[in-house]
Amino acid sequence: MTKYTVDQSHSHIGFQVKHMMVSKVKGGFDSYTAEVEATNLADLTDANISFEFDVASINTKSEDRDNHLKSADFFDVAQYPTIQFQSTDIIKSGDRYEVSGNLTIKDVTKQVTFHTAFNGKGTNPWGQEVYGFEAEAKINREEFGLTWNAALETGGVLVGKEIKIIVELELNPAG
């Protein structure tokens, strides 16, 4: 097995959620760690993938909203400073993968499947191999204890239940 590192300057861990039933709020985590081990990254089927997000690094481009998300109303970073993902099963279908694993938010662990695409392999200008992947999963935030919301006068709620998690990775062999 070879270890791979995430090139954080060419990667992004993000999310989006419906806001006021009419638009989407997008954000991400600026600080995270990842460990990827595989025999060959062009075939993820034997890979071991784990991530840990620093929840305090959440960034939605609104300081007030970010502070609210860090509070006990949502992530409660004082008590639950990280979100973790650990792969448990990877199934290949053509050039796509279903990467399933345990996602833990606020001490609640649920099985989540990321629909993953291998974008290809290249060599950067310094002769280092790079591998690109994109992955998406959807979760119900309320299943992870993220239940805060507010009713709207016009009907509906301020924050949608469904969260789309979006992962864009560039990986390099560790060395």
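A brief structural summary. (Residues numbered from 1 in each chain as written. Predicted model: local features only at pLDDT ≥ 70, side-chain atom pairs only at ≥ 80, totals over all residues. Heavy atoms only, no water.)

1. Overview of the layout of surface pockets
No. 1: Estimated volume of the largest pocket: approximately 700 Å³.
No. 2: Every residue lining the largest pocket is counted, 41 residues in all, and those nearest its centre are G14, F15, F29, I163 and I165.
No. 3: Considering only residue class, the lining of the largest pocket consists of 32 nonpolar, five polar and four charged.
No. 4: What the second largest pocket holds in volume is close to 150 Å³.
No. 5: Among the elements of the structure, strand 2 (12-19) and strand 11 (159-173) are those that each provide at least two residues to the lining of the second largest pocket.
No. 6: Top element by residues in the lining of the second largest pocket is strand 11. It accounts for four residues.
No. 7: Grouping the constituent residues of the lining of the second largest pocket by class yields two nonpolar, two polar and six charged. (1 Å grid on protein atoms, 1.4 Å probe; cavity = no way out; pocket = protein on both sides within 12 Å on 5 of 7 lines; lining within 4 Å. Points joined across faces, edges and corners; volume = space filled by probe spheres on them. Nonpolar A, V, L, I, M, F, W, Y, C, P; charged D, E, K, R; others polar. Helix = DSSP H or I, 4+ residues; strand = E, 2+ residues; numbered from the N terminus.)

2. Concerning the packing of aromatic side chains
No. 1: Under the criterion given, the structure shown has seven aromatic pairs.
No. 2: Pairing Y4 with Y131 gives two aromatic rings, centres 5.7 Å apart and planes at 80 degrees, and the pair type is edge-to-face. Taken together, the residues span a long stretch of sequence, with Y4 in strand 1 (residues 2-6) and Y131 in strand 10 (residues 129-140) at a distance of 127 residues.
No. 3: A residue is classified by how much of its surface remains accessible, and Y131, at 4% relative accessible area, is buried.
No. 4: In this structure an aromatic cluster arises from ring pairing among Y4, F118, Y131 and F133. (Phe/Tyr/Trp six-rings, centres within 6.5 Å; stacked < 30°, edge-to-face > 60°. Buried < 20%, exposed > 50% of the residue type's maximum accessible area, 1.4 Å probe, protein only.)

3. Comments concerning the pairing of strand 5 (residues 48-54)
No. 1: Note that strand 4 (residues 32-38) and strand 5 share six bridges and pair antiparallel. Counted as the bridge partner of Y32 is F53 from strand 5. (Pairing = 2+ DSSP bridges.)

4. Some thoughts on the pattern of salt bridges
No. 1: Summed over the entire model, instances satisfying the criterion amount to three salt bridges.
No. 2: The closest approach of N and O atoms between E129 and K121, which form a salt bridge, is 3.1 Å.
No. 3: Here E136 makes a salt bridge to K164, at a shortest N to O gap of 3.8 Å. Residue E136 is located in strand 10, and its partner K164 is located in strand 11; the two are separated by 28 residues in the primary sequence. (Salt bridge = Lys/Arg side-chain N within 4 Å of Asp/Glu carboxyl O.)

5. So, the nonpolar core
One broad trend across soluble globular proteins is that nonpolar side chains are buried collectively.
No. 1: Residues L41, F75, L103, F114 and L171 are the most contacted members of the largest nonpolar core, which totals 43 residues.
No. 2: Setting aside residues no more than four positions away along its own chain, F75 makes contact with V55, I58, L69, K70, Y80, I83, I105, K106 and L146. (Core = buried A, V, L, I, M, F, W, Y, C linked by side-chain atoms within 4.5 Å. Contact = heavy atoms within 4.5 Å.)

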